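# Remarks on the overall topology
What follows is the residue order along each chain.
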Amino acid sequence: MYRLLSAVTARAAAPGSLASSCGRRGVHQRAGLPPLGHGWVGGLGLGLGLALGVKLAGGLRGAAPAQSPAAPDPEASPLAEPPQEQSLAPWCPQTPAPPRSRCFARAIESSRDLLHRIKDEVGAPGIVIGVSVDGKEVWSEGLGYADVENRVPCKPETVMRIASISKSLTMVALAKLWEAGKLDLDIPVQHYVPEFPEKEYEGEKVSVTTRLLISHLSGIRHYEKDIKKVKEEKAYKALKMMKENVAFEQEKEGKSNEKNDFTKFKTEQENEAKCRNSKPGKKKNDFEQGELYLREKFENSIESLRLFKNDPLFFKPGSQFLYSTFGYTLLAAIVERASGCKYLDYMQKIFHDLDMLTTVQEENEPVIYNRARFYVYNKKKRLVNTPYVDNSYKWAGGGFLSTVGDLLKFGNAMLYGYQVGLFKNSNENLLPGYLKPETMVMMWTPVPNTEMSWDKEGKYAMAWGVVEKKQTYGSCRKQRHYASHTGGAVGASSVLLVLPEELDTETINNKVPPRGIIVSIICNMQSVGLNSTALKIALEFDKDRSD
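Residues numbered from 1 in each chain as written. Predicted model: local features only at pLDDT ≥ 70, side-chain atom pairs only at ≥ 80, totals over all residues. Heavy atoms only, no water.

Right, let's talk about the nonpolar core for a bit. By size, the foremost hydrophobic cluster in this structure holds 125 residues, and its most contacted members are Leu330, Met414, Met443, Trp444, Trp464, Ile521 and Phe541. Among the elements that take part in this core, helix α10 (residues 325–339) stands out by supplying nine residues, more than any other. Sequence-distant contacts of Trp444, defined by excluding residues within four places in its chain, comprise Met414, Leu415, Tyr418, Ala461, Trp464, Val466, Ala483 and Val498. Counting five residues, the second-largest nonpolar core is a separate cluster that includes Tyr416, Val420, Leu430 and Ile508. (Core = buried A, V, L, I, M, F, W, Y, C linked by side-chain atoms within 4.5 Å. Buried < 20%, exposed > 50% of the residue type's maximum accessible area, 1.4 Å probe, protein only. Helix = DSSP H or I, 4+ residues; strand = E, 2+ residues; numbered from the N terminus. Contact = heavy atoms within 4.5 Å.)

See below:
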């Protein structure tokens, strides 16, 4: 090709080339064709040059590395340059949707609309969601701003505080130690942490165990230090619940004779009077408690114990539910002693095993890419930055940062372990779960005397809230089985919800775990209830999946 191009060029440049071309032009004209112009040589050279270029490009394509695509212009409209290839990155508004997400287009559209409503209703600066179906991420998207001041939009990679979802992460560490025989859940905690003093309740020696700590039955306080206020509130709630149960039973059984009706009415009146008289005074919420805004840095979990270890128990261990983040600070110390490692080192090993590469403890000094800022509304209803806090005293109960993608991985690992035992008979080649099936069943079994504050239909289990399957009336509301945990921190709210597929021996053929819907939502605004939103979204995706 090189020689041909050189020869043509040389002949075109030679002195006699014009006569030759004139001779060919004469033949051309004698044939009755239109005369050729003087640029035919240039045209031939251009054509051969193009042919040579194509040949060289074809030869070099296999040898040269593919050039990375240019970064998208954030100012450009998504409709200006429609993408021609599928991106391997998680889906966000700037990248094309993965092929599988097209199957859930209706669910994504309705869920996005729901998120916009929630965001606008509470005035949240930003919110990020991730959804996976049967172990595959099908939708992740950010709405609003991760940083309002610098106009940084939320995206799937945005890192936020996950608050009390940290408790579910800590439970994995405890479960691994229990499976390895290094931790006994039912012996006094002093066996592992002698620095925590033995306790008495009303003059009687009592035992606090790891199992009781996990399910918030230890009697250790939360942020409220006033034992009288806590007991009054618990008594008021108990009376109110009893009244609701009586009303429900009456409705269920129907009307009885007039005498029984009169007796029940009298009982209701007495209970209502007791309820009014015992109504507690105004109690501070968690965000009005000073300990939530600690700035002191603690070197380890043992040092953090001094915040509460000498305080009295609010209830006899095992008798009543009292949600306690400080209980998980004690659990972190137990993890350290049972494992022989620092708590954070042990957790980082777990995060590595679960491929949760963006999940870290929250510290102010390190540069953490894609970390959001956190916001609250002041007394004048203006959006302001939250004050600086140091969460080193409660890493185990509410101190980790993560992304929706990492939380989806975590949820799928838990769901796989929960279901893999059902599939073993039909598929012997399945890998074991990170936790054993019997461990996951134990973790997701509701514990008596507990409460699930974010869904009254459920109970607290072991670092998860669990709602069991239930249907009272035919062709009426059907309650699905699911597990979730919410989180609330300074300037942040979160939820991780796992909705398992309803499986039986006939439906597991040709399927592999995990089977179900996982929804994770994180938000840079405090006091935003997200569990009901996550459940609605999970049911929307489950509907499209069934269709």
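Moving on: the packing of aromatic side chains. Each aromatic ring pair is described using two quantities: the centre-to-centre distance and the angle formed by the ring planes. Within the structure shown, the criterion is met by 14 aromatic pairs. Between Phe104 and Phe541, the aromatic rings sit 5.7 Å apart at their centres with planes inclined by 35 degrees, giving tilted as the arrangement. Remark: Phe541 occurs in helix α15 (residues 531–546) and Phe104 occurs in the loop between α3 (40–61) and α4 (105–122); sequence separation between them is 437 residues. Relative to Phe400, the ring of Tyr343 has its centre 6.4 Å away and its plane inclined at 40 degrees; by these criteria the two rings are tilted. Of this pair, Tyr343 sits in helix α11 (residues 343–353) while Phe400 sits in strand β10 (residues 400–402), placing them 57 residues apart in sequence. On the basis of relative accessibility, which here comes to 2%, the residue Tyr343 falls in the buried class. On the basis of relative accessibility, which here comes to 1%, the residue Phe400 falls in the buried class. By way of ring pairs, the aromatic residues Phe196, Tyr223, Phe308, Phe326 and Tyr393 are connected into one cluster. The side chain of Arg161 reaches across the aromatic face of Phe374, ending 4.1 Å from its centre. (Phe/Tyr/Trp six-rings, centres within 6.5 Å; stacked < 30°, edge-to-face > 60°. Lys NZ or Arg CZ within 6 Å of the ring centre and 35° of its normal.)

Within strand β14 (residues 492–500), nine of the nine residues are buried, which leaves it mostly tucked inside the rest of the structure. Across the two faces of β14 the burial is the same, with Ala492, Ser494, Leu496, Val498 and Pro500 and Ser493, Val495, Leu497 and Leu499 all buried. Inspection of the sheet shows strand β13 (residues 482–489) paired to β14 by seven bridges, in the antiparallel sense. If you follow Gly487 over to β14, its bridge partner there is Ser494. Counting the residues in the hairpin turn of β13 and β14 gives two residues, including Gly491, whose phi is positive at 75 degrees. (Pairing = 2+ DSSP bridges.)

Our focus in this paragraph is the pairing of strand β1 (residues 126–133). In terms of residue burial, β1 counts as a mostly covered element, since eight of its eight residues are buried. By the alternation rule, side chains of β1 split into Gly126, Val128, Gly130 and Ser132 and Ile127, Ile129, Val131 and Val133, which are all buried. Sheet topology places β1 next to strand β2 (residues 136–147); eight bridges connect them, and they run antiparallel. Within β2, the residue paired with Gly126 across the bridge is Gly144. Between β1 and β2, which follow one another and run antiparallel, lie two residues, and Asp134 among them has a positive phi close to 55 degrees. Note: β1 against strand β15 (residues 516–523), seven bridges, orientation antiparallel.

Helix length check: helix α5 (residues 165–179), at 15 residues, gives a terminal C-alpha distance of 22 Å against a target of 21 Å (1.5 Å per residue), a fit within 8%. In terms of burial, α5 is a largely internal element, 12 of the 15 residues being buried. Listing the buried residues of α5 in full gives Ile165, Ser166, Lys167, Ser168, Leu169, Thr170, Met171, Val172, Ala173, Leu174, Ala175 and Leu177. Phi for Gly181, located one or two positions after α5, is positive at around 80 degrees. (Expected span 1.5 Å × (residues − 1).)

What follows is about the sheet that holds β15. Note: strands within a sheet are paired through backbone hydrogen bonds, in either parallel or antiparallel orientation. Reading across from one edge, β3-β2-β1-β15-β14-β13-β12-β11 is the order of the eight strands in this open sheet, with antiparallel pairing throughout. Pairing within the sheet leaves two strands with one partner each, and these edge strands are β3 (152–153) and β11 (459–460). Sheet contacts for α15: β1, β2, β13, β14 and β15; angle to β15, the most-contacted strand, approximately 145 degrees. (Axes fitted to C-alpha atoms, helices over the stretch in contact; angles between N-to-C directions.)

By themselves, these figures tell us nothing about what the structure is for.
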